[in-house]
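The lines below spell out each chain.
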Amino acid sequence: MAERVRWGVIGSGGIARRRTIPEGIAAAPNGVLAAVFDVDGEANRAVAAQFGGQPMASLEDLLKADIDAVYIASPANAHYQQALAAAGAGKHIFCEKPLGMTVAEAEQMAAAARQAGVLFGAAFMMRFHSQHQAAKKIIDAGGLGKPVYGRAQLSCWYPPMPGAWRQDPATGGGGSLIDMGGHCADLLEMFFGPVSRVSCFTRNSVHAYKSEDSAVVLLEFASGALGTVDTFFCITDEGSKNALELHGSMGSILAEGTIGQGAQGKMTAILKAGAGGYDARQARDASGGIDIAPEPVNMYRAEIEAFGRAVLSGSQPDVGAQAGVRSQKVLTACYESARGGRAVDVSVREEMTAP
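Cut-offs and rules
Residues numbered from 1 in each chain as written. Predicted model: local features only at pLDDT ≥ 70, side-chain atom pairs only at ≥ 80, totals over all residues. Heavy atoms only, no water. Phe/Tyr/Trp six-rings, centres within 6.5 Å; stacked < 30°, edge-to-face > 60°. Helix = DSSP H or I, 4+ residues; strand = E, 2+ residues; numbered from the N terminus. Buried < 20%, exposed > 50% of the residue type's maximum accessible area, 1.4 Å probe, protein only. Contact = heavy atoms within 4.5 Å. Core = buried A, V, L, I, M, F, W, Y, C linked by side-chain atoms within 4.5 Å. Pairing = 2+ DSSP bridges. Axes fitted to C-alpha atoms, helices over the stretch in contact; angles between N-to-C directions. Expected span 1.5 Å × (residues − 1). Right-handed = clockwise from strand over helix to strand, strands pointing away.

Student: Is there a simple way to think about the packing of aromatic side chains in this case?
Tutor: The geometry of an aromatic ring pair is captured by the separation of the ring centres together with the interplanar angle, meaning the angle of the planes. By the definition in use, this model includes seven aromatic pairs. Consider the rings of Y158 and F233, whose centres lie 4.8 Å apart with planes at 65 degrees: the pair is edge-to-face. With Y158 in the loop between β7 (147-153) and α7 (169-172) and F233 in the loop between β10 (226-232) and β11 (243-248), this pair connects stretches of sequence that are 75 residues apart. Side by side, Y158 and F233 carry an identical accessibility label, which is buried. A ring pair is formed by F192 and F221, whose centres lie 5.6 Å apart and whose planes are at 80 degrees; its orientation type is edge-to-face. Here F192 is found in helix α8 (residues 176-192), whereas its partner F221 is found in strand β9 (residues 214-221), with 29 residues between them in sequence. The pair F192 / F221 is uniform in exposure class, with both members buried. What links up through ring pairs into an aromatic cluster is the set W7, Y71, F94 and F307.

Student: Explain helix α4 (residues 79-88) here, please?
Tutor: Since one α-helical turn is 3.6 residues long, residues separated by three or four positions face the same way. Among all positions of α4, only H79, Y80, Q82, A83, A86 and A87 are buried. As for α4, its buried residues are in contact with β1 (5-10), α3 (59-64), β4 (69-72), β5 (92-95), α5 (103-116) and β6 (120-122). A positive phi of about 75 degrees marks G90, the residue just after α4.

Student: Would you explain the nonpolar core in this entry?
Tutor: Burial of nonpolar side chains together is a common tendency in soluble globular proteins. Of all hydrophobic cores here, the largest spans 71 residues; its most connected members are W7, Y71, F191, L244, L246 and I253. Among the elements that make up this core, the one with the highest residue count is α8 (ten residues). I67, I72, A87 and V325 belong to the second-largest nonpolar core, a separate cluster that totals 35 residues.

Student: Can you help me understand unusual backbone geometry in this one?
Tutor: Negative phi characterises most residues that are not glycine, and trans characterises most peptide bonds. Omega for the bond connecting K97 with P98 falls within 30 degrees of zero, at -5 degrees, which places this linkage in the cis form. Structurally, P98 can be placed in the loop between β5 and α5.

Student: Got a minute to help me understand the sheet that holds β9 in this structure?
Tutor: Two pairing modes exist for strands in a sheet, parallel and antiparallel, and in both the strands are linked by backbone hydrogen bonds. Judged by pairing direction, the sheet is mixed, and its nine strands sit side by side in the order β14-β13-β12-β11-β7-β10-β9-β8-β15 without closing on themselves. Here the strands that pair on one side only, and so sit at the sheet edges, are β14 (290-291) and β15 (344-345). Pairing between strand β12 (residues 251-256) and strand β13 (residues 266-271): six bridges, direction antiparallel. Following the sheet pairing, E256 is matched in β13 by K266. In the packing of helix α6 (residues 130-140) onto the sheet, contacts are made with β11, β12 and β13, and the angle to β13 comes to roughly 10 degrees.

Student: Can you walk me through the sheet that holds β4 in this structure?
Tutor: With parallel pairing, the six strands of this open sheet are ordered in space as β3-β2-β1-β4-β5-β6. Sheet topology places β3 (54-55) and β6 at the edges, where each strand pairs with a single neighbour. As paired strands, β4 and β5 are joined by four bridges and run parallel to one another. Across the sheet, Y71 pairs through a bridge with F94, a residue of β5.

Student: I'm lost on α5 in this one. Help?
Tutor: Compared with an ideal rise of 1.5 Å per residue, which puts 14 residues at 20 Å, α5 spans 20 Å between its outermost C-alpha atoms and is within 8% of the ideal. For α5, the set of buried residues is V103, E105, A106, M109, A110, A111, A112 and A113. The elements touched by buried residues of α5 are α4, β5, β6 and α10 (321-340). Just downstream of α5 lies G117, where phi reads positive at about 75 degrees.

Student: It is not clear to me how the pairing of β4 should be interpreted in this structure. Could you clarify?
Tutor: Consecutive side chains along a regular strand alternate between the two faces of the sheet. Residues A69 and Y71 line one face of β4 and the alternating positions V70 and I72 line the opposite face, and both faces are buried. As paired elements, β1 and β4 share four bridges and run parallel to each other. Of the residues in β4, the one forming a bridge with I10 is I72. In this region the chain leaves β4, passes through α4 and returns to the parallel neighbour β5; the handedness of that crossover is right-handed.

Read these as geometric descriptors, not functional statements.
Right, dumping it as structure tokens:
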């Protein structure tokens, strides 16, 4: 059995160059960068010179190269055709989200991988954050009691820029909601289980580009818990603390900075053996809580290593295509709710159209 996965990267600029190649593929002991392709030939050659791997002139050339798996990090509107081509070439697929531009595309991508006998992974790297994993263990063990409410926030300052594909729904599928809110909703489902219904507001509060720069979602979980996702392209980086709140009948887990691209934030668990009786004074001890600070994990390395283990062992990936399809369905319902001004059942949505 091979000891390392030979990776080909599709869309070598952007997040691949900033994060996933240097922190993930190049750092993972079970992976090696073998080939890169980007429509920007100059940038592609620069990536190859910086990190190794052979620069390819076309997608077809990359898929003919001696590689085992592809990492798709191109604009969202290219994922569908590139994933189908990779499956047809017999390459395992690790794809950034959203998987495609519609639920139907995402499902077809997953089906093409199954039919070709290759693995398909979805790049929800925040699931691998060590503090998120620690929080999940507490929740799964019943430490929060009955889940009541969760909040996930991810915002940044993203001003208009020529050619920015996330600022046009034709290339990105949407704006702040699909780009950042997808991670937030996925995390809340990891903690509290599936969402059954959503109500969503989107708008352009500051920036005049075609995609929304503002989105807030109310989530109703099948368990009965409620949640909110708030995500903006028009709040300053310094002002957004990327908050995560997980509340239950026996306590809360509160965090800042764990949602994002960094390896560690601040997370505190405030847990009680029992909720106790009613306190009319509602006294609160600001000093309480237990710091949750496990050994930091680089999420990009963790997701690449995990998918590499699946490829090398022939097992199913930790975060497979179904996670990407599920995310697409939740986001579909959110955009439909925003357009229609009503709550939308997640389970019956079949297709996502541009907002």
